[in-house]
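What follows is the residue order along each chain.
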Amino acid sequence: MAITKEILDELLKDYQKPEDLLGQSGLLQQLSKALIERVLEGELTQQLGYEKYAAEGKNSGNSRNGKSSKTLKGKQGVIPIAVPRDRNGEFEPQFVKKHQTRFDGFDDKIISLYARGMTTGEIQGHLQDIYGVEVSPELISTVTAAVLEEVRAWQARPLEKLYVILYLDALVVKVKQDGRIANRSIYLAVGVNLQGHKEVLGFWAAGQEGAKFWLSVVTELKNRGVEDILIACVDGLKGFPEAIESVFPQAQVQLCIVHLLRNSLSYVSWKDRKAVAAALKAVYTAATAEVAERSLTEFEQQWGSRYPMIGRSWRNHWTRVIPFFQFPAEIRRVIYTTNAIESLNYSLRKIIKNRSLFPNDEAVFKLLYLALKNIERKWTMPIKDWQQALHQFAIVFEGRVPLP
């Protein structure tokens, strides 16, 4: 609907400075207030079935009964409005519902700021600075708590029948539990589907790792529709290889090279990191398992006296490392790629670093879910050279990979 020049001229006839238009009591605020109140009056008229002061209202069984005051918080600031009432108390406005105190996407703004890792105090300050609106911590908590239903639905959603690769990774957060502050591991499962796209399948909180916990996670994936996993990349998690093999017996469990390398470099001083990383690269890029083991021996001869834990760690996990060397280069690149988990880890850690303590697991899940929604919007492209790798998967895992 076009607004005529005459209407605009009438509205702006007393305009002298920006505050007259944009200020808290400016034209836009007054116009918003007038429009909202006009819509509410129209809704009441529709429900009663007659216009204000109309003769049809006499002895109709219900009538207008004054107005009540309400304050709306919105992107334009605070708007005080008058809500019409009916004598029987039957009026249920739809444009601004009963008990509604936020307007024009204000809840979405709070959720968006929360999803970007801002603390409650930072959200309060931002809304005050930008919109001139004061909000309480309780309001922020109420708005974001509504997301929990979405989280539960997302965690229970059906999954695809086949995931070519399943990565499992963990974030450690501090959670208040039974009056104590405890480290809580939040595990994320990231699947790569037949189209080469990454997808976070879910996340789970566990105080301790163990076969029983991992069996419940893997069984949940199966119950949500997963029928087959080709390769499961894990980080030496106790009980997980056995759990996944019991539910998906054909899955190839592979120790994640990215995690093994990351853990190895955690022992190394900054001045040695580049040289140690280069020496380890000769191990995981070797053509065969035999060449890889010789490279590991050479690494231990060069660096073993300074960093004995690195060689020992690779040796202890060697049976879960060597399956990597049976695959062609195309599959190795896909398994090794750091993008699938490292970029996700970096983004999530960046968001949760502002939270020194979470009140409970639900608060963790709420923040992670909102953060993941933002992150997954950028996952629009498949893994690099995916089609070439997929044909190699079809050869290696014959009969388990449907090709177009």
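Parameters at a glance
- Residues numbered from 1 in each chain as written.
- Predicted model: local features only at pLDDT ≥ 70, side-chain atom pairs only at ≥ 80, totals over all residues.
- Heavy atoms only, no water.
- Pairing = 2+ DSSP bridges.
- Helix = DSSP H or I, 4+ residues; strand = E, 2+ residues; numbered from the N terminus.
- Axes fitted to C-alpha atoms, helices over the stretch in contact; angles between N-to-C directions.
- Contact = heavy atoms within 4.5 Å.
- Buried < 20%, exposed > 50% of the residue type's maximum accessible area, 1.4 Å probe, protein only.
- Phe/Tyr/Trp six-rings, centres within 6.5 Å; stacked < 30°, edge-to-face > 60°.
- Lys NZ or Arg CZ within 6 Å of the ring centre and 35° of its normal.
- Core = buried A, V, L, I, M, F, W, Y, C linked by side-chain atoms within 4.5 Å.
- Polar contact = N/O pair within 3.5 Å; in protein donor to acceptor, adjacent residues only side chain to side chain.
- Expected span 1.5 Å × (residues − 1).
- Arc of directions from axis to C-beta.

J.: Account for the sheet that holds strand E4 (residues 180–192), naming residues and giving values.
T.: With mixed pairing, the five strands of this open sheet are ordered in space as E5-E4-E3-E6-E7. Where the open sheet ends on each side, the last strands, each with one partner, are strand E5 (198–206) and strand E7 (252–255). Direction aside, the axes of adjacent strands within the sheet are offset by 25 degrees on average. Here strand E6 (residues 228–234) pairs with E7 via four bridges, running parallel. Residue pairing for E7: Val234 is matched across the bridge by Leu255. Helix H17 (residues 361–376) rests against strand E3 (162–177), E4 and E5 of the sheet, and its axis sits at about 170 degrees to E5.

J.: Residue-level account of helix H10 (residues 257–265), with values.
T.: Taking burial as the measure, the nine residues of H10 include seven buried ones, the bulk of the element. Those residues of H10 that sit buried are Ile257, Val258, His259, Leu260, Leu261, Ser264 and Leu265.

J.: Give a detailed account of the packing of aromatic side chains, specifying residues and quantitative values.
T.: Tallied over the full model, the rule gives 13 aromatic pairs. Aromatic pair Phe327 and Phe397: ring centres 6.1 Å apart, planes at 35 degrees, arrangement tilted. Linking Phe327 in the loop between helix H14 (318–321) and helix H15 (329–336) with Phe397 in the segment after helix H18 (386–396), this pair joins segments that are 70 residues apart in sequence. Across the pair, exposure class does not vary: Phe327 and Phe397 are buried alike. Put simply, the rings of Trp154, Phe203, Phe365 and Tyr369 pair up and form one aromatic cluster. Between Arg273 and the ring centre of Trp270, over which it is positioned, the NZ or CZ distance is 4.5 Å.

J.: Give me the nonpolar core: which residues, what numbers.
T.: One finds Phe203, Trp314 and Phe393 to be the most contacted residues of the largest nonpolar core, which totals 85 residues. For this core, the element with the highest residue contribution is H17, accounting for ten residues. Discounting chain neighbours no more than four positions away, the residues touching Trp314 are Leu260, Ser264, Leu280, Val283, Tyr284, Leu296 and Val321. One finds Leu168, Val218, Val234 and Ala251 within the second-largest nonpolar core, a separate group that totals 25 residues.

J.: I'd like a description of the side chain of Asn374, backed by residues and values.
T.: With respect to the secondary-structure elements, Asn374 resides in helix H17. Residue Asn374 is classed as buried on the basis of its relative accessible area of 18%. One polar contact links Asn374 to Arg377, side chain to side chain, over a distance of 2.4 Å. Asn374 has contacts with Ala115 and Arg116, leaving out every residue within four places of it along the chain.

J.: Go over the environment of Leu127, please, and point to the residues and values.
T.: With respect to the secondary-structure elements, Leu127 resides in helix H5 (residues 120–131). Sequence spacing of Leu127 and Leu113 is 14 residues, and the spatial spacing of their C-alpha atoms is 9.7 Å.

J.: Hey, could you go over the pairing of E3 for me, with residue numbers and the actual values?
T.: Note: E3 against E6, five bridges, orientation parallel. The residue bridging Leu162 from the neighbouring strand is Asp228, located in E6. Note: E3 against E4, 13 bridges, orientation antiparallel. When the sheet's bridge partners are listed, Lys174 is paired in E4 with Asn183.

J.: Which residues make up helix H11 (residues 273–284), and what values go with them?
T.: The end-to-end C-alpha distance of H11 is 16 Å, a good match for the 16 Å that twelve residues give at a rise of 1.5 Å each. For H11, the complete set of buried residues consists of Val276, Ala279, Leu280, Val283 and Tyr284. What you see down the axis of H11 is that its buried residues fit within an arc of 140 degrees, all on one side. Contacts made by the buried residues of H11 are with H10, helix H12 (289–303), helix H13 (308–316), H14 and H15.

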